[in-house]
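Structure at a glance
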Amino acid sequence: MTERDTTAQVERAQSAALRLANVDAADRDAALGAIADAIRDNSEAILAANREDVGEAEAMLAEGEYTQALVDRLKLDEAKLDDIAGMVESVAEQDDPLGETLEARELDADLELYKLSVPIGVVATIFESRPDALVQIAALALKSGNAVILKGGSEASESNRVLYETILSATEELPDGWATLIEAHEEVDRLLELDDMVDLVMPRGSSEFVSYIQDNTQIPVLGHTEGICHVYVDEAADLDMAEDIALDAKVQYPAVCNAVETLLVDEAVAADFLPAVVARYRDEGVVLRGDEATREHVDVDPATDDDWDTEYGDLELSVKVVSDLYDAVDHINAHGSKHTESIVTDDAERAETFMTGVDAASVFHNASTRFADGYRYGLGAEVGISTGKIHARGPVGLEGLTTYKYYLEGDGQLVATYAGEDAVPFTHEALDAEWSPGHRSRQG
């Protein structure tokens, strides 16, 4: 595709965004319902396309080009498709994020200022091998009134193409261009140049990939990077609970970014805890690496410095014995990716110290890191998990796809009235009022 074609696609998206922002919430929800139905109705074609992708990926796995984790993320089946359709319906059930009065203030009598939630506009997403990501992102964009440009990984190209066509066929009543699929690297490079048309780029991938996007565009970037997550077993932990949490965080689904990659164990409980949890990990096929202190208690492979900075995305785990709570916090802040961290302890004060001291988007007490998910948080779904701090953090759902604008309702007021020696003072009083066109809260 030429640069001109890519520019034309983005122009269509820009035009669609302006119109989609004015589509009624009921119509947006109806379109989401139609998408869910279409995914179920078209499951045979979707799964056939996915089998093509998985077959090619498994061939690449055999050649050592792909990892098993990538192949696992790629696979779809009937149950997974039904989950995807259910996710779309869950997004439809969320409150409308648009038009909400976030703040209202009287500047003077009959001069009222309203701060309202609105769509961002045109959002572009570049994501990894999971085909369900395309549907999640499209559903959230539609619900929040944003036009979306989608770029999935080449390893999922057939699945993405059929899913995209399924979504478009179900939303023919929406503005043309509200969703666009691009596939070539050249299209991405051109897209990143269009900072006057694209309002936000959301890459999902490695830190190197996100850095590449940030270095090659002037568009604001909301990055979803790797998940180097930790579970810390405190000296005051219930060790049976700690075993269950540590196991779930690794083996329930190891190929995702909220799976634990390093287990930290307080030296006060290492001798009691490590043999039992290591035995359970081995039963699940987990490959273990430990520091010297860990290997004094259990027979595992030695860990290297690189292990503390590695997202395995597979049944692999590094284990480190730490001297105390503060040593655990220091290790996490030095090696974590600011994604999700968890402490297991029965001491509330120690939990608070950990949760306030760790720099991460999500910090848990006595819970598996696998809970870090937009759907599990009740957000309907997520575009990704932002490990930065501006403008959204953690699972990015509908709220993260909105911004705001100010509406001022007046009655002929002039700035000159409020300037100079005889200036009328502003009242600046908070109002308990919702904006509607032409409305002023004190009118009858």
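Here the structure is a predicted model, which is why all the values come from computation and not from measurement. (Residues numbered from 1 in each chain as written. Predicted model: local features only at pLDDT ≥ 70, side-chain atom pairs only at ≥ 80, totals over all residues. Heavy atoms only, no water.)

With that settled, the discussion passes to the overall build of the protein. Across its full length, the protein holds 14 helices and 17 strands. Each principal axis of the C-alpha distribution contributes one length, and for the protein these read about 80 × 55 × 35 Å. Sequence separation of 24 or more characterises 72% of the internal contacts of the protein that already satisfy a separation of 6 or more. If you sum the accessible surface of the protein, you get close to 19800 Å²; carbon and sulfur atoms cover 45% of it. For the protein, the distance from the average site of its 32 positive side-chain charges to the average site of its 93 negative ones is 2 Å. (Helix = DSSP H or I, 4+ residues; strand = E, 2+ residues; numbered from the N terminus. Contact = heavy atoms within 4.5 Å. Areas by Shrake-Rupley, 256 points an atom, 1.4 Å probe, with all protein chains shown as cover. Lys, Arg positive; Asp, Glu negative; His and termini not counted. Charge placed at Lys NZ, Arg CZ, Asp CG, Glu CD.)

To continue, consider empty space enclosed by the protein. The final tally for this structure, using the stated rule, is 2 cavities of 30 Å³ or more. Empty space within the second largest cavity amounts to approximately 30 Å³. Around the second largest cavity, the lining residues are Glu-103, Ala-104, Arg-105, Leu-113, Tyr-114, Lys-115 and Tyr-406. Sorting the residues of the lining of the second largest cavity by element identifies strand E1 (101–108) and strand E2 (111–119) as the ones contributing at least two each. (1 Å grid on protein atoms, 1.4 Å probe; cavity = no way out; pocket = protein on both sides within 12 Å on 5 of 7 lines; lining within 4 Å. Points joined across faces, edges and corners; volume = space filled by probe spheres on them.)

Let's shift gears to the side chain of Asp-291. Here Asp-291 shows up in the loop between strand E9 (287–290) and helix H12 (292–295). One buried charged residue, Asp-291, remains without a salt bridge, the closest side chain of opposite sign being Lys-320 at 4.0 Å. Of note is the side chain of Asp-291, whose polar atom sits 2.6 Å from the side chain of Thr-294. Reaching out from Asp-291, the side chain makes a polar contact with the backbone nitrogen of Val-321 at a distance of 3.4 Å. Beyond its immediate sequence surroundings of up to four residues, Asp-291 is in contact with Ala-303, Trp-308, Val-319, Lys-320 and Val-321. (Buried < 20%, exposed > 50% of the residue type's maximum accessible area, 1.4 Å probe, protein only. Salt bridge = Lys/Arg side-chain N within 4 Å of Asp/Glu carboxyl O. Polar contact = N/O pair within 3.5 Å; in protein donor to acceptor, adjacent residues only side chain to side chain.)

Attention now moves to the pattern of salt bridges. Between side chains of opposite charge, a pair can form when the charged atoms approach closely. By the definition in use, this model includes 18 salt bridges. Between Glu-89 and Arg-40 there is a salt bridge; the shortest N-O distance is 2.9 Å. Of the two residues, Glu-89 is situated in helix H5 (residues 78–93) and Arg-40 in helix H2 (residues 25–41); the sequence distance between them amounts to 49 residues. You can call Glu-89 partly exposed: its relative accessible area is 28%. For Arg-40, a relative accessible area of 32% translates into the label partly exposed. Between Glu-183 and Arg-161 there is a salt bridge; the shortest N-O distance is 2.8 Å. Note that Glu-183 is positioned in the loop between strand E5 (179–181) and helix H8 (185–193) and Arg-161 in helix H7 (residues 157–170), a separation of 22 residues in sequence. Classification of Arg-161 as partly exposed rests on a relative accessible area of 28%.

In this section: the domain arrangement of the protein. Interfaces are often sized by the accessible area lost when the parts come together. According to the domain assignment, the protein consists of domain 1 (6–97 + 119–222) and domain 2 (230–381). Using C-alpha coordinates to define each centre, domain 1 is positioned 32 Å away from domain 2. Counting residues at the interface gives 10 residues for domain 1, matched by 9 residues for domain 2. Buried surface at the junction of domain 1 and domain 2, both sides included, amounts to about 760 Å², of which 57% is carbon and sulfur. Interface area lost by domain 1 to domain 2 is led by Ala-69, Arg-73 and Gln-94, which between them contribute 41%. Inspection of the domain 1/domain 2 interface yields 0 salt bridges. The tally of links from domain 1 across to domain 2 stands at 1 residue pair in polar contact (both at pLDDT 80 or more). Looking at the side of domain 1 that touches domain 2, the elements that each hand over two or more residues are helix H4 (68–74), H5 and helix H6 (131–143). Here the side of domain 1 that touches domain 2 takes 4 residues from H4, the largest share from any one element. Taken together, the residues that form the side of domain 1 that touches domain 2 break down as 4 nonpolar, 4 polar and 2 charged. (Domains from an automatic or database assignment. Buried area = accessible area lost by both parts, 1.4 Å probe. Nonpolar A, V, L, I, M, F, W, Y, C, P; charged D, E, K, R; others polar.)

Attention now moves to the environment of Leu-47. If you trace the backbone, Leu-47 turns up in helix H3 (residues 43–62). Residue classification places Leu-47 among the buried residues on the basis of a relative accessible area of 10%. With 330 residues separating them in the primary sequence, Leu-47 and Tyr-377 have C-alpha atoms 28 Å apart. Setting aside anything within four residues of it in sequence, one finds Leu-47 in contact with Leu-76, Asp-77, Glu-78 and Leu-81.

What follows concerns the sheet that holds E9. With respect to topology, 7 strands assemble into an open sheet ordered E10-E9-E11-E8-E7-E12-E13, the strand pairing being parallel. Across the chains shown, the open sheet's two edge strands, defined by having one partner strand only, are strand E10 (301–302) and strand E13 (362–365). Summarising the sheet, E9 and strand E11 (residues 316–322) pair through 4 bridges and their orientation is parallel. Within E11, the residue paired with Val-287 across the bridge is Glu-316. Strands strand E7 (229–233), strand E8 (260–266), E9 and E11 of the sheet are contacted by helix H11 (residues 270–283), whose axis makes an angle of about 155 degrees with E8. (Pairing = 2+ DSSP bridges. Axes fitted to C-alpha atoms, helices over the stretch in contact; angles between N-to-C directions.)

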